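Residue-level structural notes
Listed below, chain by chain, are the residues.
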Amino acid sequence: MEFMGDRATLLETGRFVQRHAGSVMDAASAAAEDALDNVDSAGRGAGADQAETSVETAGAEARHRRAADGGDTASMSVLGALLLRRGDLDGAEPYLRAATAEGDRAAANNLGVLLHQRGYADEAAGWWRIAAVAGSAAAAHALGRHFRERGDEPAAEYWLRQSAEQGHALGAYALADLLEHRSDVGAERWLRAAAEQGHREGAYRLARVLERRAAEEARTGGGVGLVMGHAEPAVRDGAVAAATASGTGAGGVAPGGAASAGAASAGGPRRAVSAALGDIARAAGAPAGGAAAPAAGADAEGGGLSVLDEAAQWYRQAAARGHRRAALHLGAILEKRGELKESGRWYLMSAKAGEARAACALGFLLRDTGDEESAAVWWLRAAQDGDGNAANALGALHAARGQQQTAERWYRAAMDAGDVNGAYNLGLLCAAQDRTPQAEQWYRRAAYAGHREAANALAVLLLQAGDATGAEPWFSKAAEAGSVDAAFNLGILYVGRDDDRTALSWYERAAAAGHTEAALQVGIALLRDGDEQAAERHLRCAAGGGSAEAAFRLGTVLDSRQPPPGPPALGEPMAEKSECEEWYERAAEQGHRRAQVRVGMLAAARGDMTDAARWYREAAEAGSRNGAFNLGLLLAREGNEREAALWWSRAARAGHGRAALRLALLAARRGELTEGQRWCARAVELGPAEVAERAARLREALHQELTA
């Protein structure tokens, strides 16, 4: 069972609001930044060239002041901008107004910034308009932000587009933000324009757009993978797993263990109920793929990159500039690709910058290398910052160590952090301790919050308590929400009601999502209906998923198509193994007793008695009466009747009529007539008819011998 949320970074759960720096930046801050840009780019002689050096030296400021007092417009504009940057609004205003009166557009823009900082937004907008009309991209950006804050989106779009089309990075980003808010496909173009000019948040958001597209392509083009107790698309909600949940659950339940209770019988459908009991879950979601060294403006098509590769490049560019969420996503991509050292470096950078999710993912990376103590340190840091994943991981870690109370405390912390998996894990913990009422309470809490595997586990609990009526709605709710196990369990439920048609529909649904046991049940049903081709397809799926019973049944289907073997010719080489024998062997290696017997028979038919004896012995030691009987035959042919009798005795006691007849014959040859009669009686009792008839004749002969 893969845990709910196993190997995940919580980037797509919807519980974390993705804050965009450009979206929350107020107009004054944006305009102030533009003002500084505009001073540097005004391009008017010595005043513009000396703007940066004047920040450093009072002498340069004094020279600008003398020139400004002498009426030099450029110096008035630069001096006003310097004073504005310093925060001296009273000193800056007269110089900016004087330069603006002389037609300086940079001064008009900066005057707008000053007035906005003083709270005169409408007057500021007037000066920004003057500067924007004169060609200031920075002023157009500030004006566009001003109109957006007032809800006038058409005007905002007009001015932001003016700024963006002049190559202004902040204008391009703000325009993209506006278009993305309206779900306009044109947003990506402007995010790319901003990113190519080095806008950090633009690069991050462009990467997010590309990654979502790659995830959607993977979702529509790929299948659905089975996670026992938690079924999800092969790319989880558009994201890769960046971290793995902790190991063993409370009560000695190991991760990766099947959630299904009971075993499939050789001849019929499973009637056991699949239960997600014993797996510690945590929330899911994070993007997948790989990263290459970024090049600003790299084109996915022109550079031969996949969409996901390009997303990784933009993440790298943003992360290299200190964007902690970009570093987190890049780490997840690199981890998925197997570049664990590089992935850890980016996780570490993001975690040190305060990203709790990166600290959590770093903890899982360390845990996977065997360093649980260091992992626990990072999980603790993330959990203390409110990360539910990390709290769940700490809970699982303590549960694996048998520290149930500490585990429960961390699961409660996860729940308090808004992670519904905390309630589910508390249910698992209580169930492992046989605290059924408390387990039901936590399962219900998680199920009502929409946790599909909690709904499935709750239904299992109710069914085990004999409340099939109460269990069915929860199975249905979980199945409709995408739980593969719940769909399989509904099939089991309907089989128990002798509603095979409805059961088959649920089995087919689970099988389509990759559920191995469901595929087996569909294959069995199709074989029963005579549709061998369709049955073979489902049996191959189930056998490929690791079902020994499916491998055996597939071998049987293929075996039935084989021509009967003729007598081997003298000197003829040993025939190669057929496909059916390979499937039999796969099932046999998994401990399937009937398959072991069949592999032994095929080996004997090839003349490989050593291999035949090995498989017969394995089957016999596992309790197969046919294996014991056949092993006895081989031993008897080799002259080892003593050991053969031991295996025939085991087979006869297990109900094998032919073994009982063999023992009767053996006893008769030894002169043990009474013992022979006893085994004859047993053979008559066990049958089949042919054996019973022979045993009856032998018993009569022995009786006559005894009474003669």
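Residues numbered from 1 in each chain as written. Predicted model: local features only at pLDDT ≥ 70, side-chain atom pairs only at ≥ 80, totals over all residues. Heavy atoms only, no water.

1. A closer look at the overall build of the protein
- The number of helices and strands found in the protein is 38 helices and 2 strands.
- Within the protein, the fraction of its 708 residues that count as buried is 53%.
- Per element, the accessible surface of the protein, about 30,300 Å² overall, is 49% carbon and sulfur. (Helix = DSSP H or I, 4+ residues; strand = E, 2+ residues; numbered from the N terminus. Buried < 20%, exposed > 50% of the residue type's maximum accessible area, 1.4 Å probe, protein only. Areas by Shrake-Rupley, 256 points an atom, 1.4 Å probe, with all protein chains shown as cover.)

2. Notes on unusual backbone geometry
- Geometrically, the link from Gly687 to Pro688 is a cis peptide bond, its omega value of 5° lying close to zero.
- Within the secondary structure, Pro688 is located in the loop between helix H37 (673-686) and helix H38 (689-707).
- A positive phi angle, near 60°, is found at Ser183, a position not held by glycine.
- You can see Ser183 is positioned in the loop between helix H12 (169-181) and helix H13 (187-196).
- For Asp498, which is not glycine, the phi torsion reads 60° and is therefore positive.
- In this fold, Asp498 is placed in the loop between helix H26 (484-496) and helix H27 (500-512).

3. Considerations on H38
- The end-to-end C-alpha distance of H38, which contains 19 residues, comes to 27 Å, matching closely the 27 Å that a straight helix rising 1.5 Å per residue would cover.
- All buried positions along H38 are accounted for by Val691, Ala692, Ala695, Leu698 and Leu702. Summarising the axial view, the buried residues of H38 lie within an arc of 130°, below the 170-degree limit, and thus occupy one face. Looking at H38, the residues exposed on the side facing more than 90 degrees away from the buried face are Ala689, Glu690 and Thr707.
- Elements in contact with the buried residues of H38: helix H36 (657-670) and H37. (Expected span 1.5 Å × (residues − 1). Arc of directions from axis to C-beta. Contact = heavy atoms within 4.5 Å.)

4. Looking at the environment of Leu428
- Structurally, Leu428 can be placed in helix H22 (residues 421-432).
- Sequence separation between Leu428 and Gln438 is 10 residues, and the spatial gap between their C-alpha atoms is 9.9 Å.

5. Re the pattern of salt bridges
- Enumeration over the complete set of coordinates arrives at 48 salt bridges.
- Between Glu536 and Arg561 there is a salt bridge, with the nearest N and O atoms lying 2.8 Å from each other. With Glu536 in helix H29 (residues 532-544) and Arg561 in the loop between helix H30 (548-560) and helix H31 (579-589), the pair connects residues that are 25 residues apart, well separated along the chain.
- Overall, Glu536 belongs to the buried group, its relative accessible area being 11%.
- Owing to a relative accessible area of 38%, Arg561 belongs among the partly exposed residues under this scheme.
- One salt-bridge network, held together by shared partners, links Asp90, Glu93, Arg97, Arg118 and Glu123. (Salt bridge = Lys/Arg side-chain N within 4 Å of Asp/Glu carboxyl O.)

6. So, the packing of aromatic side chains
- The full count for this structure, using the stated rule, is 7 aromatic pairs.
- Taking 5.0 Å as the distance between ring centres and 85° as the angle between the ring planes, the aromatic pair formed by Tyr158 and Trp159 counts as edge-to-face.
- Look at Tyr158 and you get partly exposed, because its relative accessible area is 45%.
- Owing to a relative accessible area of 9%, Trp159 belongs among the buried residues under this scheme.
- Consider the rings of Tyr204 and Tyr315, whose centres lie 6.0 Å apart with planes at 50°: the pair is tilted. A residue pair is termed long-range when its members are at least 10 positions apart, and Tyr204 in helix H14 (residues 200-221) and Tyr315 in helix H15 (residues 307-320) qualify at 111 residues. Taken individually, Tyr204 and Tyr315 each receive the classification buried, so the pair is uniform in this respect.
- A cation over a ring is seen here: Arg497 above Tyr494, with NZ or CZ 5.5 Å from the ring centre. (Phe/Tyr/Trp six-rings, centres within 6.5 Å; stacked < 30°, edge-to-face > 60°. Lys NZ or Arg CZ within 6 Å of the ring centre and 35° of its normal.)

7. So, the confidence of the model for the protein
- When pLDDT is averaged along the protein, the result is 79, and 78% of the positions lie at 70 or above.
- Contacts for the low-pLDDT stretch residues 1-55, under 50 throughout, to residues beyond four places or in other chains number 175 contacts.
- Within the model, the stretch residues 222-303 combines pLDDT values under 50 with 318 contacts to residues more than four positions away or in other chains. (pLDDT = per-residue confidence, 0-100.)

8. Some points on the packing of helix H28 (residues 516-529) against H30
- Where H28 meets H30, the axes come as close as 10 Å, and the angle between the chain directions of the two elements is 30°. When the axis of H28 is compared with that of H30, the two are roughly parallel. Regarding H28 and H30, the two cross each other, and that crossing is left-handed. Contact residues: Leu520, Ile524 and Leu527 in H28; Glu549, Ala550, Arg553 and Val557 in H30.
- Looking at the contact of H28 with H30 residue by residue, the classes come out as 5 nonpolar, no polar and 2 charged. (Axes fitted to C-alpha atoms, helices over the stretch in contact; angles between N-to-C directions. Parallel < 35°, antiparallel > 145°, perpendicular 65-115°, else oblique. Left-handed = near helix turned anticlockwise from the far one by under 90°. Nonpolar A, V, L, I, M, F, W, Y, C, P; charged D, E, K, R; others polar.)

9. Some details on H31
- Buried residues of H31: Cys580, Glu581, Trp583, Tyr584, Glu585, Ala587 and Ala588, and no others.
- Looking at the buried positions of H31, the neighbouring elements they touch are H29, H30, helix H32 (593-606) and helix H33 (609-621).
- Phi turns positive one or two residues past the end of H31, at Gly591, with a value near 90°.

10. Regarding the side chain of His323
- Take His323: it is sitting in the loop between H15 and helix H16 (324-337).
- Not counting the four nearest positions on each side in its chain, His323 is found in contact with Arg200, Glu201, Tyr204 and Ala318.

11. Focus: the packing of helix H17 (residues 340-352) against helix H18 (residues 356-368)
- Contact geometry for H17 and H18: axes closest at 8 Å, N-to-C directions at 145°. H18 is crossed by H17, and the crossing has left-handed handedness. Across the interface between the two elements, Leu340, Ser343, Gly344, Tyr347, Leu348, Ser350 and Ala351 of H17 pack against Ala358, Ala359, Ala361, Leu362 and Leu365 of H18.
- Split by residue class, the contact of H17 with H18 holds 9 nonpolar, 3 polar and no charged.

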